[in-house]
Amino acid sequence: MKCSKCGCMDSKVIDSRMSEDGTSIRRRRECLGCGRRFTTYEVIERTPVLVIKSNGTRQPFDADKIRRGVIKACEKRPVTAEKINALVADVERMVYNTLLQEISSKQIGEFVMKGLKDLDEVAYIRFASVYRDFRDVTTFVEFISDLERLIKEDKDGKEGGADK
Ligand SMILES: [Zn+2]
């Protein structure tokens, strides 16, 4: 890294620190020519992922949009900011792990719903009602009965089906 003061190409690293989320490393360097200190950041290069919306248009994947959607769904629910952030980070990881350059908004919605389902049932239903394309009330009712069945199965599984 060329020193911006003297143009010297050599520097030594005097401190390295990983960011809290582990996605970047901050290095404090000292120029061997003039002693000037400066900071560099090292990050993993990611290929940008495009999101295909239902109308066919594309836009860059944006984790903040996911976060806003999740916060909205969790409104007035006992879900901590920490849990929301962890869910968003999980979704982000899943999106990049697909190694696809384009991913549908529907697929991302499925990832979010998978996470919300474990987090809060009400938030899950709220989010699902926006992301799933409910054409009419019947579809919605079917979806809710599906959900109730899943929740029931989940409970029965946990209790070992001892009550029935
Ligand atoms: Zn220098």
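Residues numbered from 1 in each chain as written. Predicted model: local features only at pLDDT ≥ 70, side-chain atom pairs only at ≥ 80, totals over all residues.

### Focus on the overall build of the protein
Link 1 in the chain: When helices and strands are counted, the protein shows five helices and six strands.
Link 2 in the chain: Starting at the N terminus, the α and β elements of the protein follow one another as β-β-β-β-β-α-α-β-α-α-α.
Link 3 in the chain: Going through the 164 residues of the protein one by one, you find that 12% of them count as buried.
Link 4 in the chain: For the protein, long-range pairs separated by at least 24 residues make up 42% of all intrachain contacts whose partners lie at least 6 apart in sequence. (Helix = DSSP H or I, 4+ residues; strand = E, 2+ residues; numbered from the N terminus. Buried ≥ 20, exposed ≤ 12 C-beta atoms within 10 Å, placed from the backbone. Contact = placed C-beta atoms within 7 Å.)

### Some thoughts on the sheet that holds strand β3 (residues 37-43)
Link 1 in the chain: Strand order in the open sheet formed by three strands is β1-β2-β3, and the pairing between neighbours is antiparallel. Each of the sheet's edge strands pairs with one partner strand only, and the pair in question is β1 (11-18) and β3. Sheet twist, expressed as the average angle between the axes of neighbouring strands with direction ignored, equals 25 degrees.
Link 2 in the chain: In this sheet, β3 lies alongside strand β2 (residues 24-31) in antiparallel orientation, the contact comprising seven bridges. By the bridge assignment for β3, Arg-29 is matched with Phe-38. (Pairing = 2+ DSSP bridges. Axes fitted to C-alpha atoms, helices over the stretch in contact; angles between N-to-C directions.)

### Focus on the nonpolar core
The nonpolar side chains of a soluble globular protein tend to be buried, and buried together.
Link 1 in the chain: Counting residues in each nonpolar core, the largest one holds 15 residues, and the members touching the most others are Val-70, Val-112 and Phe-127.
Link 2 in the chain: If near-sequence neighbours (up to four positions away) are discounted, Val-112 is found in contact with Ile-66, Gly-69, Val-70, Val-91 and Phe-127. (Core = buried A, V, L, I, M, F, W, Y, C linked by C-beta atoms within 7 Å.)

### A closer look at helix α1 (residues 63-73)
Link 1 in the chain: If you check which residues of α1 are buried, you get Ile-66, Val-70 and Ala-73. Take α1 and look down its axis: the buried residues cluster within an arc of 60 degrees, on one side only. Of the exposed residues in α1, the ones pointing more than 90 degrees away from its buried face are Asp-64, Arg-68 and Lys-72. (Arc of directions from axis to C-beta.)

### A short note on the sheet that holds strand β5 (residues 58-60)
Link 1 in the chain: Strand order across the open sheet formed by three strands is β5-β4-β6, with mixed pairing between neighbours. Edge positions in the open sheet fall to β5 and β6 (102-104), since each of these has one partner strand only. The sheet shows a mean angle of 35 degrees between the axes of neighbouring strands, taken without regard to direction.
Link 2 in the chain: Across three bridges, the pairing between strand β4 (residues 50-52) and β5 is antiparallel. Looking at β5, one finds that Val-51 is bridged to Gln-59.
Link 3 in the chain: Each of β4 and β6 touches helix α3 (residues 105-119); the most contacted strand, β6, lies at about 70 degrees to it.

### Let's talk about the packing of α1 against helix α2 (residues 81-97)
For any two helices packed against each other, one specifies the crossing angle of their axes together with the interaxial distance.
Link 1 in the chain: Where α1 contacts α2, the axes come no closer than 10 Å and their chain directions differ by 140 degrees. With respect to α2, the axis of α1 lies oblique. The interaxial crossing formed by α1 with α2 has right-handed handedness. Contacts between α1 and α2 involve Ala-63, Ile-66, Arg-67, Val-70 and Ile-71 on the former and, on the latter, Ile-84, Leu-87, Val-88, Val-91 and Glu-92.
Link 2 in the chain: Looking at side-chain class alone, the contact of α1 with α2 contains eight nonpolar, no polar and two charged residues. (Parallel < 35°, antiparallel > 145°, perpendicular 65-115°, else oblique. Left-handed = near helix turned anticlockwise from the far one by under 90°. Nonpolar A, V, L, I, M, F, W, Y, C, P; charged D, E, K, R; others polar.)

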